[in-house]
Amino acid sequence: MYAKEVMVQNQVGLHARPATFFIQKANEYKSSIWVEKEERRVNAKSLLGVLSLGIVGGTGIRIIADGSDEQEAVDNLVALVESGFTE
């Protein structure tokens, strides 16, 4: 298991289009991936799950992965969040 904390940089947070980009990227990996905000953890490959966290700009989240490509998955998803979804 591999995890990293990241601060959501873009203004709107993980809503609609940014959440879709995030989920598409998460689905490129074999590992199980979760997003954690405070005490809630959801499947990072589920649009409904990610949207249900209500992540706004400036929120700290934790990205966790478990599997064969866990480190690559977490590092790339953290980079996507840090970029403000401009990649």
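Quick caveat, the model's predicted, so the values are computed rather than measured.

Visitor: Explain the sheet that holds strand β1 (residues 2-7) to me, and be specific about the residues and the numbers.
Guide: Taken together, four strands build an open sheet; the order of strands is β1-β4-β2-β3 and the sheet is antiparallel. Pairing within the sheet leaves two strands with one partner each, and these edge strands are β1 and β3 (40-43). With strand direction ignored, the average angle separating the axes of adjacent strands in the sheet is 25 degrees. Looking at chain direction, β1 and strand β4 (residues 60-66) are connected through six bridges and run antiparallel. When the sheet's bridge partners are listed, Tyr2 is paired in β4 with Ala65. Sheet contacts for helix α3 (residues 70-82): β1, β2 (32-37) and β4; angle to β1, the most-contacted strand, approximately 5 degrees.

Visitor: An account of the side chain of Glu36 is requested, with residue identities and associated values reported.
Guide: Examined against the element boundaries, Glu36 turns out to sit in strand β2. Glu36 gets classed as buried once you look at its relative accessible area, which sits at 17%. Looking at Glu36, its side chain comes within polar contact range of the side chain of Arg41, at 3.0 Å. When near neighbours in sequence (up to four residues on either side) are disregarded, Glu36 contacts Arg41, Ile61, Arg62 and Ile64.

Visitor: For the side chain of Asn10, give the residues involved together with the corresponding values.
Guide: You can see Asn10 is positioned in the loop between β1 and α1 (16-26). Of note is the side chain of Asn10, whose polar atom sits 3.1 Å from the backbone oxygen of Gly13.

Quick notes on the rules
- Residues numbered from 1 in each chain as written.
- Predicted model: local features only at pLDDT ≥ 70, side-chain atom pairs only at ≥ 80, totals over all residues.
- Heavy atoms only, no water.
- Pairing = 2+ DSSP bridges.
- Helix = DSSP H or I, 4+ residues; strand = E, 2+ residues; numbered from the N terminus.
- Axes fitted to C-alpha atoms, helices over the stretch in contact; angles between N-to-C directions.
- Contact = heavy atoms within 4.5 Å.
- Buried < 20%, exposed > 50% of the residue type's maximum accessible area, 1.4 Å probe, protein only.
- Polar contact = N/O pair within 3.5 Å; in protein donor to acceptor, adjacent residues only side chain to side chain.

Spatial relationships are all this shows, so hold off on functional conclusions.
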